[in-house]
Structures are given as C-alpha cells and as structure tokens.
Amino acid sequence: ESGFTYKQGVPQFQGNPTECSLLKLAEEMGFSYVDLRDQTVGRSASTLDQGYSKVFASSRKMMSWAVPRPDGGWRVYAKGASEIILSRTTTRYERGKIIEITDEDSLAITDAVIGNFANLAMRTIGLAYKDVEKYDPDALDPTITNTDGS
C-alpha cells in the first residue's frame, strides 16, 4: 500500500508514485491520510474486509473503492484518467452547492484544464465519489465498466 514517512524532514515515499503524490497533496491541504484511512470503515486495516476495491486497469483507466456509509448505503470513490472520470460524472461542487455538469461544462473543463496540461505533456487525474444505496461488487454497472465495455 502506498504511503510515506519522513526521515530527517524529507518525505520517503513507498508504493505507487501517483498514489504518493495524491497522499502528499492531501497532507499539504491539511489532511492526514493515515488518520483518514484509520477512521474509514472499509478502508482501515481492521475493517478492510468491509470495503471493496476495483483496482486500476489500463482498459478501465480508473480504480474505485466502495466503503459503507455510517447512515447506510455505500460511498464509491473513484480516481483515474480525467476524461474518463469526467465522462462518468453528472454533478460537481461549486461554492458549497451541488451543480449539474452540462455538456458545455465538460467541454470547457476538457479544453481549459485537461487539454492545457496535456499540451504540456502533463497528466491529470480525476477524483469523484458517488453515494449509492446498494452496492454489488460483482455487478458490472455501465458507469463502472472498463472503457472497452468489459
């Protein structure tokens, strides 16, 4: 599992470089990834068997992790290629409100953000989550299948 520790003030990364970058970003935003993992049922070491992961696959261009919500149902977190995550996302947060993503929004995000970084030979990563009442880890919902349809 990816993570990092500090040795003489310098971060020592272990695991996937992309994962480590996201964990470091979380820390720089004021969050402890260790605390978040420990406090999340289905993600902590003692409750890992209560969560479900779909590991990254190049055909899927994303990975996801489902954890039970305290009030019932599931929260499915996903990360992956920005254009894939964006194509499967219907809403976004803006100034504390949930707003529908229109086709125009998707085009603007693709052009202004994803495209600009791609033109600089940089990769972008999309992050999203969805709350669902039921979660069947063996079912292939169209919104979580591989990009090739499998």
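Everything here concerns the structure above.
The structure displayed is predicted, hence computed values, not measured ones.

A. Region of the structure containing the sheet that holds strand 4 (residues 62–68). Judged by pairing direction, the sheet is antiparallel, and its four strands sit side by side in the order 3-4-5-8 without closing on themselves. Two strands lie at the open edges of the sheet, namely strand 3 (52–57) and strand 8 (125–132), each paired on one side alone. Ignoring which end each strand starts from, the neighbouring axes of this sheet average 15° apart. In the sheet, strand 5 (residues 74–81) pairs with strand 8 via eight bridges, with the strands oriented antiparallel. Paired with Lys-79 across the bridge in strand 8 is Leu-127.

B. Main features of the packing of aromatic side chains. One pass over the structure, following the stated rule, counts seven aromatic pairs. Between Tyr-52 and Trp-74, the aromatic rings sit 5.6 Å apart at their centres with planes inclined by 55°, giving tilted as the arrangement. With a gap of 22 residues between them, Tyr-52 in strand 3 and Trp-74 in strand 5 connect regions that are remote in the sequence. Its relative accessible area of 32% is what places Tyr-52 among the partly exposed residues. A relative accessible area of 17% places Trp-74 in the buried class.

C. Representation of the environment of Thr-18 in the model. Structurally, the position occupied by Thr-18 is in helix 1 (residues 17–28). Taking relative accessible area as the criterion, Thr-18 reaches 21% and is therefore assigned partly exposed. Between the C-alpha atoms of Thr-18 and Ser-2, which are 16 residues apart in sequence, the distance is 9.2 Å.

D. View of the pattern of salt bridges. Taken as a whole, this structure holds 12 salt bridges when the rule is applied. Ionic pairing is found between Glu-27 and Lys-24, a salt bridge with its closest N-O pair at 2.7 Å. On the criterion of helical spacing, the pair formed by Glu-27 and Lys-24 is a turn pair, its members being three residues apart in helix 1. Residue classification places Glu-27 among the partly exposed positions, given a relative accessible area of 28%. Given a relative accessible area of 18%, Lys-24 falls into the buried group. Across the pair Arg-95 and Glu-94 runs a salt bridge whose closest N-O atoms are separated by 3.3 Å. Linked by salt bridges that have partners in common, Arg-69, Asp-71, Arg-75, Asp-131 and Glu-133 make up one network.

Cut-off values and rules
- Residues numbered from 1 in each chain as written.
- Predicted model: local features only at pLDDT ≥ 70, side-chain atom pairs only at ≥ 80, totals over all residues.
- Heavy atoms only, no water.
- Pairing = 2+ DSSP bridges.
- Helix = DSSP H or I, 4+ residues; strand = E, 2+ residues; numbered from the N terminus.
- Axes fitted to C-alpha atoms, helices over the stretch in contact; angles between N-to-C directions.
- Phe/Tyr/Trp six-rings, centres within 6.5 Å; stacked < 30°, edge-to-face > 60°.
- Buried < 20%, exposed > 50% of the residue type's maximum accessible area, 1.4 Å probe, protein only.
- Salt bridge = Lys/Arg side-chain N within 4 Å of Asp/Glu carboxyl O.

Don't take any of this as a statement about function, it's just geometry.
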